[in-house]
Each structure stands twice: as structure tokens, then as C-alpha cells.
Amino acid sequence: SRLGQPAKAAALIEKVIALDPDNATARHELGQALADLGREEEGLAQLKRAVELEPRNSQAAFALFRLLSRRQSPEAAEYSRRVRELKREELSATQARVLSNFALDAAKEKTWPEAVGKMREALSTCGQCQIRPFLEKNLGLIMAQAGDLKGAAAQLAAAKQLLPEDRDIQFAIDLLPRL
């Protein structure tokens, strides 16, 4: 374990889980500590629960893959596939974030075609990555600033579907008819 004392770490993490049973990070750490202690079955159960609670947790999925591989379990292939998929998604999100930053810089300079183009490229690169809702929102806001109110309304509506509680999106949607 990261604390260097797996038994002590496991005991501390179990206390955290008692207070917060849905803490995926704690379950991941406990799973690894238990595996280090030779309590692999319990470790596997904790790692599986961590992945269940947080399906995009690539570290927990990788730890589970490693433990299953050591045991030569047929389940290892499923987690290997999942880890590869999560890593691809993380890379897409990182690339999309960079493109989004270029788009936001272009928007600051009021070079609207470049800003819209880069944000669309970010969305395309992202696919269904975890930052997609924010990219949708930013594209809608940029389109509104660029004067494409119809496009902005459609884009903000799409963003609202993904982020229904976002007050900025609702504010922008409400403001569009007055522009």
C-alpha cells in the first residue's frame, strides 16, 4: 500500500468506508492493501466495487486487471479491454481540452470562425468523453458571441440536456431572445 504498512492502511481505509460506503477511491486503496496482505478475494471484491461505483476509474480497473491476470482469471481480458478503452478516452479528453483552450483564446481575440472551428474540432476529438458537456456549453456561448443565435440556441439546448443544473446555460438560453 502507499502508506508502506498494508495492515495499518487497510484498517484506516476500512474506517473511511464505514463512514462513506460509496467512496470509490477508498475501496480501490483498500482492495490494493488487502491484496498486498494476501487477502486477494477481499481485495478483488473491493476493487470490483470501486469500478462499479466509478466506472471511469482507470486506476481501479488497472489494479483489478493486474490482480486477475496474476490469478490467470478469464475476467482479466474484460478489464484489459476496459483499461485500454478508458486510456483512449482520457487521451481524447486531454486532446479536446487543448483544442478547447485554443478555441477560448481565439474567442478572446474575437476571431469567431477560428473559435467555432476549434471548439467543433474539440467536440469531434472528444467523442463522448467526460468533458463533452462543457465543450457543448462553450461552443454555444462562443456561437452566441459570434452572432449565430440560432446555432447558439441549438448548441446550448444540447448542453442543457447534458448539464441540466448548469445555471450559466439557462441564463444564456434566457438571454438569447433579447439579443
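Everything below is about the structure shown above.
To keep things clear, this report deals only with the structure shown in the data block. (Residues numbered from 1 in each chain as written. Predicted model: local features only at pLDDT ≥ 70, side-chain atom pairs only at ≥ 80, totals over all residues. Heavy atoms only, no water.)

### Let's talk about the side chain of S100
Under the convention used in this document: Note on conventions: DSSP H or I runs of at least 4 residues are helices, E runs of at least 2 residues are strands, and numbering of each starts at the N terminus. Between buried and exposed lies partly exposed: a residue is buried under 20% and exposed over 50% of the maximum accessible area for its type, with that area taken using a 1.4 Å probe on protein chains only. When checking whether two residues touch, look at their non-hydrogen atoms; a contact exists if any pair is within 4.5 Å.
Position of S100 among the secondary structure elements: in helix α5 (residues 75-108). Taking relative accessible area as the criterion, S100 reaches 6% and is therefore assigned buried. Once residues within four sequence positions are removed from consideration, S100 is found in contact with M119, A122, L135 and N138.

### Side note on the nonpolar core
Which entries qualify depends on this criterion: Put simply, buried Ala, Val, Leu, Ile, Met, Phe, Trp, Tyr and Cys residues joined by side-chain atoms within 4.5 Å make one nonpolar core.
Within the largest apolar cluster, 27 residues are counted, with the highest numbers of intra-cluster contacts made by M119, L135 and I142. Elements represented by at least two residues in this core include exactly α5, α6 (112-126), α7 (132-146), α8 (149-162) and α9 (167-175). Broken down by element, the residue count for this core peaks at seven residues, all from α6. Among all residues touching L135, those that are not within four sequence positions of it are A96, S100, M119, A122, L123 and C126. Listed in part, the 15 residues of the second largest apolar core include L44, A61, L67 and A76.

### Looking at unusual backbone geometry
A positive phi angle, close to 55°, is found at Q72, a residue other than glycine. Relative to the helices and strands, Q72 resides in the loop between α4 (58-70) and α5. Even without a glycine there, the phi angle at K110 is positive, about 60°. Tracing the backbone through its elements, the reader meets K110 in the loop between α5 and α6.

### A few points about the side chain of N57
The line we're drawing: Any N or O atom pair separated by 3.5 Å or less is treated as a polar contact, with the protein-specific requirement of one donor-capable and one acceptor-capable atom, and with residues adjacent in sequence counted only for side-chain atom pairs.
Here N57 is to be found in the loop between α3 (40-53) and α4. N57 gets classed as buried once you look at its relative accessible area, which sits at 8%. Within the structure, N57 has its side chain in polar contact with the backbone nitrogen of A60 (distance 2.9 Å).

### With respect to the state of the cysteines
Short version of the rule: We call a pair of cysteine sulfur atoms a disulfide when they lie within 2.5 Å.
One pass over the full model with this rule turns up one disulfide. Here C126 pairs with C129 through a disulfide, and the sulfurs are 2.0 Å apart. On the S-S bond that ties C126 to C129, the torsion sits near -110°, and the link is left-handed. Of the two residues, C126 and C129, neither departs from the other in class, the shared state being buried.

### With respect to α4
Note the cut-off: To estimate how far a helix should extend, the number of its residues minus one is multiplied by 1.5 Å.
Taking 1.5 Å of rise per residue, the 13 residues of α4 would be expected to cover 18 Å, and the 18 Å separating its terminal C-alpha atoms lies within 8% of that figure. Residues of α4 that are buried include every one of S58, A60, A61, A63, L64, L67 and L68, and no others. Put simply, N57 is the residue that caps the front of α4, since its side-chain oxygen is 3.1 Å from the backbone nitrogen of Q59. Looking one or two places after α4, you find Q72, whose phi comes out positive at around 55°.

### Regarding the pattern of salt bridges
Quick reminder of the rule: A pairing counts as a salt bridge when a side-chain nitrogen of Lys or Arg comes within 4 Å of a carboxyl oxygen of Asp or Glu.
With the rule as written, the count across this model stands at 14 salt bridges. Two residues, R49 and E52, come together in a salt bridge whose shortest N-O distance is 2.5 Å. Placement of the pair is R49 and E52 together in helix α3, with a separation of three residues, close to one helical turn. In this structure R49 comes out as partly exposed when scored by relative accessible area, which is 27%. Relative accessible area serves as the criterion here: at 54%, E52 is assigned to the exposed category. Each of E40, E41, R70 and R71 takes part in salt bridges that share partners, so that together they form one network.

Honestly, that's just the spatial picture; any functional story needs more than this.
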